[in-house]
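Understanding the architecture of this molecule
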Amino acid sequence: MPKLISTPTVIQAAGNKPKKIEEFVGNVNTETAEISVAKMTSPEGWIEPGQTPGFLEITYVIYGELHVESKENIIKVKQGQSVVVEPGEWVRYSTPNPGGAEYIAICMPAFSSDTVHRDPEDDTIV
């Protein structure tokens, strides 16, 4: 039977500025370990610690521009575009441009603080 998720759970985000994470499906809001779906609202100038997640992450930008830094380059993901980050790949997300960004993140398995594997030297960006 279909299940309506009427409200998300707001989760505290890592980074140098406050970012709103609204988890609709995942470990916190629905106790779903297989997948998570969350809407992010990220301010101008936000950057989070680098990470090597143990999950696949697919991100779709609704508004603004999200920068996805890897060891090779920085991908600038604009409104209407998506990016896929494979498990075990080092990345750092940021929204440096005016207006910040809104985007949807889908993680498989679901996002977990135990499997995001943040860089220890970036613990000052919390």
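The rules behind each value
- Residues numbered from 1 in each chain as written.
- Predicted model: local features only at pLDDT ≥ 70, side-chain atom pairs only at ≥ 80, totals over all residues.
- Heavy atoms only, no water.
- Salt bridge = Lys/Arg side-chain N within 4 Å of Asp/Glu carboxyl O.
- Buried < 20%, exposed > 50% of the residue type's maximum accessible area, 1.4 Å probe, protein only.
- Helix = DSSP H or I, 4+ residues; strand = E, 2+ residues; numbered from the N terminus.
- Polar contact = N/O pair within 3.5 Å; in protein donor to acceptor, adjacent residues only side chain to side chain.
- Core = buried A, V, L, I, M, F, W, Y, C linked by side-chain atoms within 4.5 Å.
- Contact = heavy atoms within 4.5 Å.
- Patch = residues over 30% accessible without salt bridge, like charges linked within 9 Å, V, L, I, M, F, W, Y side chains within 5 Å.
- Areas by Shrake-Rupley, 256 points an atom, 1.4 Å probe, with all protein chains shown as cover.

On to the pattern of salt bridges, then. One pass over the full model with this rule turns up five salt bridges. Between K20 and E22 there is a salt bridge, with its nearest N and O atoms 3.9 Å apart. Residue K20 is classed as partly exposed on the basis of its relative accessible area, which comes to 40%. Residue E69 is joined to R92 by a salt bridge in which the shortest nitrogen-to-oxygen separation is 3.1 Å. Of the two residues, E69 sits in strand β5 (residues 56–69) while R92 sits in strand β8 (residues 92–95), which places them 23 residues apart along the sequence.

Here H67 is to be found in strand β5. For H67, a relative accessible area of 10% translates into the label buried. In terms of polar contacts, H67 uses its side chain to reach the side chain of E65, at 2.6 Å.

What follows concerns the nonpolar core. Grouped together as the largest cluster of nonpolar side chains are 16 residues, with contacts concentrated most on M40, L66, V68, V77, Y93 and Y103. Excluding its chain neighbours within four sequence positions, the residues that come into contact with Y93 are W46, I47, E48, Q51, E57, L66, H67, V68 and V85.

Let us now look at a nonpolar patch on the surface. A cluster of nonpolar residues, Y60, I62 and Y63, forms a patch on the protein surface that exposes about 280 Å² of accessible area. Mapped onto the secondary structure, Y63 falls in strand β5.

What follows deals with unusual backbone geometry. In this structure, P109 follows M108 across a cis peptide bond, with omega equal to -10°. If you trace the backbone, P109 turns up in the segment after β9 (101–108). Here E31, not a glycine, exhibits a phi torsion of approximately 55°, which is positive. Here E31 is to be found in the loop between β2 (20–25) and β3 (36–42). A residue is classified by how much of its surface remains accessible, and E31, at 71% relative accessible area, is exposed.

To continue, consider the environment of I106. Tracing the chain through its elements places I106 in strand β9. For I106, a relative accessible area of 27% corresponds to the partly exposed category. In this structure the C-alpha to C-alpha distance between I106 and F55, which are 51 residues apart in sequence, comes to 9.8 Å. Residues in contact with I106, not counting those within four places in the same chain, are I35, S36, V37, L56, E57 and I58.

Looking at the element boundaries, S70 is found in the loop between β5 and β6 (74–78). Residues contacting S70, with those up to four places away along its chain left out, are E89 and W90.

Right, let's talk about the environment of M40 for a bit. Turning to its location among the elements, M40 is positioned in strand β3. Residues M40 and I21, 19 residues apart in the sequence, show an inter-C-alpha distance of 4.7 Å. Non-local contacts of M40, meaning those with residues more than four positions away in its chain, are made with K19, K20, I21, A101, E102, Y103 and A105.

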